[in-house]
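Observations on chain architecture
Residue strings, one per chain:
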Amino acid sequence: MSIIKRLLPHPIFSLVLLLVWLLLNNTLSAGHILLASILALVLPWATAGFWADRLHLHKPGLALRFLLLVLWDITVANIHVAKLILGPRRKLRPAFVDYPLALDNDFAITVLAATISLTPGTVSIDVSSDHRTLLVHGLDVDDEEALIAEIKSRYEAPIKEIFGC
Amino acid sequence: MLDIIISIFLILGAGFALVGSIGLLRLPDFYTRLHGPTKATTLGLGGLLIASMIYFSSRGDVSLHELLVTLFLFMTAPVSAHLLAKAALHLRVRSEIDLPRDEQSKP
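Description of the overall build of chain A
The helix and strand inventory of chain A stands at six helices and three strands. Its helices and strands in sequence order give chain A the pattern α-α-α-α-β-α-β-β-α, from N to C terminus. Looking at chain A as a whole, 25% of its 165 residues qualify as buried. Considering only residue pairs separated by 6 or more positions, chain A has 70% of its internal contacts joining residues 24 or more positions apart.

Thoughts on the overall build of chain B
From N to C terminus, chain B includes four helices and zero strands. Counting from the amino terminus, chain B carries its helices and strands in the arrangement α-α-α-α. Dimensions of chain B along its principal axes, counting C-alpha atoms only, are 65 × 25 × 10 Å. The buried share of chain B, reckoned over its 107 residues, is 28%. Taking all contacts inside chain B whose residues are at least 6 apart in sequence as the whole, residues at least 24 apart take part in 64%.

Re the packing of helix H4 (residues 60–86) of chain A against helix H1 (residues 2–26) of chain B
Relative to each other, H4(A) and H1(B) sit at 45 degrees, their axes nearing to 9 Å. Considering their axes alone, H4(A) and H1(B) lie oblique with respect to each other. Seen along the crossing, H4(A) lies across H1(B) with a hand that is left-handed. On the side of H4(A), the interface is formed by A:Asn78, A:Ala82, A:Ile85 and A:Leu86, while H1(B) contributes B:Phe16, B:Val19, B:Ile22, B:Gly23 and B:Arg26. Among the residues making up the contact of H4(A) with H1(B), the classes are represented as six nonpolar, two polar and one charged.

Description of the nonpolar core
In terms of nonpolar packing, the biggest core is built from 26 residues, with A:Leu112, A:Ile125, A:Leu134, A:Val136, A:Ile159 and B:Ala85 touching the most fellow members. Listed by contribution, the elements that provide at least two residues to this core are strand S1 (95–100), helix H5 (106–118), strand S2 (122–127), strand S3 (133–138) and helix H6 (144–163) of chain A together with helix H4 (65–90) of chain B. Discounting residues that sit within four places of it in the chain, A:Val136 has contacts with A:Val97, A:Tyr99, A:Ile116, A:Thr122, A:Ser124 and A:Ile125.

So, the packing of H5(A) against H4(B)
Contact pair H5(A) / H4(B): the axes reach a minimum separation of 9 Å and the direction vectors enclose 85 degrees. What the angle tells us is that H5(A) and H4(B) run roughly perpendicular. Residues A:Ala113, A:Ala114, A:Ser117 and A:Leu118 of H5(A) touch H4(B), and the partners they reach there are B:Phe74, B:Ala77, B:Pro78, B:Ala81 and B:His82. Across the contact of H5(A) with H4(B), the residue classes tally to seven nonpolar, two polar and no charged.

Structural notes on the interface of chain B and chain A
On the side of chain A, 31 residues touch chain B, which itself brings 34 residues to the contact. Among the secondary structure elements, those contributing two or more residues to the side of chain B that touches chain A are H1, helix H2 (30–33), helix H3 (35–58) and H4 of chain B. Top contributing element to the side of chain B that touches chain A by residue count: H4(B), with eleven residues. Split by residue class, the side of chain B that touches chain A holds 20 nonpolar, nine polar and five charged.

Some points on H4(B)
Residue and element names in this part refer to chain B. In this model, H4 (26 residues) spans 38 Å end to end at C-alpha, consistent with the 38 Å of a helix rising 1.5 Å per residue. Of the residues making up H4, those classed as buried are Glu66, Pro78, Ala81, His82, Ala85, Ala88 and Leu89. Arg92 sits one or two residues past H4 and shows a positive phi near 55 degrees.

Describing the confidence of the model for chain B
Averaged over all residues, the pLDDT of chain B equals 80, while 91% of them reach at least 70. Quick note on the complex model: pTM equals 0.77, ipTM equals 0.74.

What to know about the pairing of S2(A)
Residue and element names in this part refer to chain A. Of all six residues making up S2, six are buried, and the element is well covered by its neighbours. Two strands pair when backbone bridges link them, and S2 and S3 are joined in this way by five bridges, in the antiparallel orientation. The residue bridging Ser124 from the neighbouring strand is Val136, located in S3. Counted along the chain from S2 to the antiparallel partner S3, the turn is five residues long, and its residue His131 has a positive phi close to 60 degrees.

Brief notes about the sheet that holds S2(A)
What the three strands build is an open sheet, ordered S1-S3-S2 (chain A); its pairing is antiparallel. Lying at the two open borders of the sheet, with one neighbouring strand each, are S1 and S2 of chain A. The mean inter-strand angle of the sheet, taken between neighbouring strand axes irrespective of direction, is 30 degrees. Across the face of the sheet, H6(A) comes into contact with S1 and S3 of chain A while running at roughly 45 degrees to S1(A). Sitting on the sheet, H4(B) is in contact with S2 and S3 of chain A, with an inclination near 60 degrees to S2(A).

Details of H4(A)
Relative to the 39 Å expected for 27 residues at 1.5 Å per residue, H4(A) spans 39 Å between its end C-alpha atoms, a close match to the ideal helical length. Looking only at H4(A), the buried set comprises A:Val70, A:Ala77, A:Asn78, A:Val81, A:Ala82, A:Leu84 and A:Ile85.

Rules and cut-offs
- Residues numbered from 1 in each chain as written.
- Chains lettered and ligands numbered in written order.
- Predicted model: local features only at pLDDT ≥ 70, side-chain atom pairs only at ≥ 80, totals over all residues.
- Helix = DSSP H or I, 4+ residues; strand = E, 2+ residues; numbered from the N terminus.
- Buried ≥ 20, exposed ≤ 12 C-beta atoms within 10 Å, placed from the backbone.
- Contact = placed C-beta atoms within 7 Å.
- Axes fitted to C-alpha atoms, helices over the stretch in contact; angles between N-to-C directions.
- Parallel < 35°, antiparallel > 145°, perpendicular 65-115°, else oblique.
- Left-handed = near helix turned anticlockwise from the far one by under 90°.
- Nonpolar A, V, L, I, M, F, W, Y, C, P; charged D, E, K, R; others polar.
- Core = buried A, V, L, I, M, F, W, Y, C linked by C-beta atoms within 7 Å.
- Expected span 1.5 Å × (residues − 1).
- pLDDT = per-residue confidence, 0-100.
- Pairing = 2+ DSSP bridges.

Quick look at the structure:
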C-alpha cells in the first residue's frame, strides 16, 4: 500500500472535511487551511473503526449530475407537496409500498433511502432485516408499480452505476 | 434591485415554510404529516438561505455558510423522518390506511 493511501484512506471524505471546515469559518486564511488539512488527515484515521465497508465512487461526473437531478426534483417535490397540502384532503391516496431493492451495499441503500425521503411525496420508513425491501410511504400514490418503476430508473439505477455495486 | 430579489426569495421561503406547517395541521394522520417537515420546509429553508447568501455577500465578504446548512439539512432530515416513522410503525400509531407488518415486534 502506497504512502498516500496510508495517509489518506478516504480521500473524498478528507476533501469534504477540508471544505466544510473552511466554509464553517467562511475564510481562506493560511492558518485555517493548515488547521483544516490537519483535521482532514486526523479525522478519517480516528474514525476508521466505524467505517462499515469501502465503497468507491466509480463515476464522479455522474454523481454530480445525479446531485443536480435530485436538487431539481426536490424543488418540484416541494411545489407538488404544497399543492397536495393546500388542495382538498379527500383526494389524497396515501399508501405503504414495499420497494424491492437491487442494491446490496448498506451505504448505497442509505443514499437511496435519503433520496426517496427528500423527493416527491415519498418518505422511506424502514429496511427489512435482510436488506432486500425498503418500506416507503407515499403521500398520494396513484399506481404502486409506476412509483416503484420511477424510483428504480430515476434514482436506483444511477446510484448503482455511481458506486458500481 | 438586489433588495427586490432578496425579498422575493424571503417571501418564497417563508411561504413554503408556512405551507409545511399548514400540512402538519391539515393532513389526516401521523404518516402523512411526516411529509410536511421533510419536504415543504426544505425549499422554504432553501429560499431563506439563498436570500441570506445574497444579502451578506452583497455587503462585502462572500458568505457561503448557508451551503453548509443545506448540506447538514439534507443529511439529517431523512434520518429524523426515518426514525420517527420507524418508531411510529413500531408503536402502531393510528393511520388512515392499513399498517404494514412491523418486523421487530414479535407477535
